[in-house]
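Topology and contacts: notes
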Amino acid sequence: MHKLLTLTLFLLVSTAWCTAQTYLYTSEREFCAYNPINGEFDKCDSWEDHTLFVIDERETNLKHYTDDVNSTYYIDSKEWNDDMELNLWYVTSNTGTKYTYVVNLESMAVAALYDNGDESFIVTFTIDKYWR
């Protein structure tokens, strides 16, 4: 009886924990490097890339799972941008790299911008489906 009660409690807690997160399944990745000559992100390459993003309920971290690497991004702050009508998330990766993330469920895209002053790039992931 004790084992059944423990198993039931575990299932209830894990179900509540899983449903509190947002999952984003992506199918394509586009990488664009900044061109300082024309001031645009125009050096682009895209490819099929199936990955999963998991955002915790409080939106304090974002986990990204690929075939090769699992990364965690800690959301340092969030800001609403009136011009783009989007939330910008300023994040730090588990390796210490700073990014600006945009998760746009309306346009079904996740974008990550990296700029360290010497180089800049933007990576855009196409969302196939998402669920909570």
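Structure shown above.
Here goes a summary of the coordinates provided. Please read these numbers as outputs of a predicted model, since none were measured by experiment.

Per the counting criterion, the structure on display carries 3 salt bridges. Where Arg29 meets Asp49, a salt bridge forms, and the shortest distance between an N and an O atom there is 2.5 Å. Placement of the pair is Arg29 in strand 1 (residues 22-35) and Asp49 in strand 2 (residues 40-55), with a sequence separation of 20 residues. Residue Asp49 is classed as buried on the basis of its relative accessible area of 14%. The partner of Lys98 in a salt bridge is Asp76, with the nearest N and O atoms 3.5 Å apart. With Lys98 in strand 6 (residues 98-104) and Asp76 in strand 4 (residues 70-81), the pair connects residues that are 22 residues apart, well separated along the chain. Relative accessible area serves as the criterion here: at 52%, Lys98 is assigned to the exposed category.

This part covers a nonpolar patch on the surface. The grouping of Tyr34, Phe41 and Leu113 at the surface amounts to a nonpolar patch, some 230 Å² of accessible area in total. Topologically, Leu113 is positioned in strand 7 (residues 109-115).

All right, on to the sheet that holds strand 8 (residues 120-131) then. On the basis of which strands lie adjacent, the closed barrel formed by 8 strands has the order 1-2-3-4-5-6-7-8 and antiparallel pairing. Each strand of the sheet is rotated relative to its neighbour by a mean of 35°, with strand direction disregarded. Pairing between strand 5 (residues 86-93) and strand 6: 4 bridges, direction antiparallel. The residue bridging Trp89 from the neighbouring strand is Tyr101, located in strand 6.

All chains considered together, the criterion is met by 10 aromatic pairs. Ring geometry for Tyr34 and Phe41: centres 5.3 Å apart, planes at 65°, overall edge-to-face. Note on Tyr34: relative accessible area 33%, which makes it partly exposed. Ring geometry for Tyr73 against Tyr99: centres 5.7 Å apart, planes inclined by 80°, an arrangement best described as edge-to-face. Placement of Tyr73 in strand 4 and of Tyr99 in strand 6 is noted, with a sequence separation of 26 residues between them. Since its relative accessible area comes to 9%, Tyr73 is described here as buried. Through a chain of ring-to-ring contacts, the aromatic side chains of Phe31, Phe53, Tyr73, Tyr99, Tyr101, Tyr114, Phe121 and Phe125 assemble into a single cluster.

Basis of the calculations
Residues numbered from 1 in each chain as written. Predicted model: local features only at pLDDT ≥ 70, side-chain atom pairs only at ≥ 80, totals over all residues. Heavy atoms only, no water. Salt bridge = Lys/Arg side-chain N within 4 Å of Asp/Glu carboxyl O. Helix = DSSP H or I, 4+ residues; strand = E, 2+ residues; numbered from the N terminus. Buried < 20%, exposed > 50% of the residue type's maximum accessible area, 1.4 Å probe, protein only. Patch = residues over 30% accessible without salt bridge, like charges linked within 9 Å, V, L, I, M, F, W, Y side chains within 5 Å. Areas by Shrake-Rupley, 256 points an atom, 1.4 Å probe, with all protein chains shown as cover. Pairing = 2+ DSSP bridges. Axes fitted to C-alpha atoms, helices over the stretch in contact; angles between N-to-C directions. Phe/Tyr/Trp six-rings, centres within 6.5 Å; stacked < 30°, edge-to-face > 60°.

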